[in-house]
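Each chain is listed here by its residues.
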Amino acid sequence: LEQYWNDEWEYYQKISLPIDTESKQAKFQPVDMRLTFDYPCWGFNDSVHSIRVCSWNGSNWDELEVQIHNLNKSDDQTISSCNIVFLVPSYATGDVEYVVFYDDGEKSSPSYVNHVQLLDKYYYFEPISGISVEGDYYEIREDDIIVYGVGQKGRVLNRYLSQIAIRMKPGTKKFDMLKTDLLASFCFSYQDGPAEEDEVASDQELIGKEILVDGNLMVQFRISSKSKNDVLFTSNVYTYYYQPGEDKRISVRVHHEIKEEVEVTGIKNVDGRFGTIISYHSKSPSVKKMVFGDILPFLHVSSDESIREYALEKDPKSSEREWVIS
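## Structural notes on the nonpolar core
Grouped together as the largest cluster of nonpolar side chains are 23 residues, with contacts concentrated most on Ile 15, Phe 37, Ile 51, Ile 84, Phe 86, Tyr 98 and Val 100. Counting residues per element, the ones that place at least two in this core are strand S1 (11-15), strand S2 (30-42), strand S6 (78-87) and strand S7 (97-102). Sort the elements by how many residues they give to this core and S2 lands first, with five residues. Setting aside residues up to four positions removed in sequence, Val 100 forms contacts with Tyr 11, Tyr 12, Gln 13, Ile 15, Leu 35, Phe 37, Ile 51, Arg 52, Val 53 and Ile 84. Listed in part, the 20 residues of the second largest apolar core include Leu 87, Val 147, Tyr 148 and Phe 221.

## What to know about the side chain of Thr 234
In this structure, Thr 234 sits in strand S18 (residues 232-241). In terms of polar contacts, Thr 234 uses its side chain to reach the side chain of Ser 202, at 2.6 Å. In contact with Thr 234, other than residues within four places in its own chain, are Gln 163, Phe 186, Cys 187, Phe 188, Ser 202, Ile 223, Ser 224, Ser 225, His 255 and His 256.

## Concerning the pattern of salt bridges
Taken as a whole and assessed by the stated rule, the structure comprises 14 salt bridges. With a closest N to O distance of 2.8 Å, Lys 209 and Asp 120 form a salt bridge. Highlighted residues: Lys 209 in strand S16 (residues 205-214) and Asp 120 in strand S8 (residues 116-128), separated in sequence by 89 residues. Judged by relative accessible area, Asp 120 falls into the partly exposed class, the value being 47%.

About the thresholds
The residue numbering used here restarts from 1 in each chain and proceeds along that chain's sequence as written. Local features in this predicted model are restricted to residues of pLDDT 70 or higher, and side-chain atom pairs are both shown and tallied only at a pLDDT of 80 or more, whereas totals for entire chains, interfaces and linings draw on every residue. The basis for every side-chain value is the complete set of non-hydrogen atoms in the structure, without hydrogens or water. Here, nonpolar core refers to any group of buried Ala, Val, Leu, Ile, Met, Phe, Trp, Tyr and Cys residues whose side-chain atoms link them within 4.5 Å. Note on exposure labels: buried denotes an accessible area under 20% of the residue type's maximum, exposed denotes more than 50%, and partly exposed covers the range between, all computed with a 1.4 Å probe on protein chains only. By the criteria applied, helices consist of DSSP H or I runs no shorter than four residues and strands consist of E runs no shorter than two, each listed in order from the N terminus. By the convention used here, residues are in contact when the closest approach between their heavy atoms is within 4.5 Å. Pairing of N or O atoms within 3.5 Å defines a polar contact, subject to two protein rules: one partner must be a possible hydrogen donor and the other a possible acceptor, and residues neighboring in sequence count only if both atoms are side-chain atoms. Criterion for a salt bridge: a side-chain nitrogen of Lys or Arg within 4 Å of a carboxyl oxygen of Asp or Glu.

Pasting the structure below:
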């Protein structure tokens, strides 16, 4: 190195980022990469360790906020490998150098802002008698703003709540169905009859939930659920990285299992759904609180050649299914 970051740190390793950082879109994007240490790296756990990530902008070192997880240890005080998480800095040009510094001796714990919080919550909403939303969910907060809710169990908009990721409107500080932006269900389902209630889906009963990582830049958890007939099982891992920009994305690793052979009946062309994107508009001439939501005007689908655009009906007059893509 032309200039050392801190003489109290014995070792360093240069790293190559797995993404192109030359474009504007790369700024503030999260990096989550595996690192195996060439020398002994002191550390007890994911919060007490000697690991620092720095970037060299051509004239100065800049210590980046970092989080580590998925540790492999050679003994109680030595980390042999781990994942490191940090954000691409705003001044990234594609030529910035990134270096991990560490030491074999004890260091004070890094004191970074805890940007992402994961809370276990319960929600109940009944604007009029007989119409309600109720359930348990994980609430993801980013610097005190709610960015996502992910359902564990309950019901919402005539669907079971488990495996539904709910994106909130920008600036939301209190979870409310009136402030939801978009819903995506990551369950597997099929029809076992002609009516909507004949749907068999892997979100109908919660099996278990587990927080896997809860750090300052990233949270990760697993939700497992099944269908009432014990045929469909889903175990999804949800990961959210701190993103100071406007584009709040959640990553979902989906795992579906079908335990026995089933036959689809009741609704033509519904062969089994791997997930559902839901936008909605609730209308009521008499109850103000029941007027909320927006149906998106377009659906964009990526193909090998291009991105295809399909127009959606923003103000449907019928409750019957209308095929947008046959």
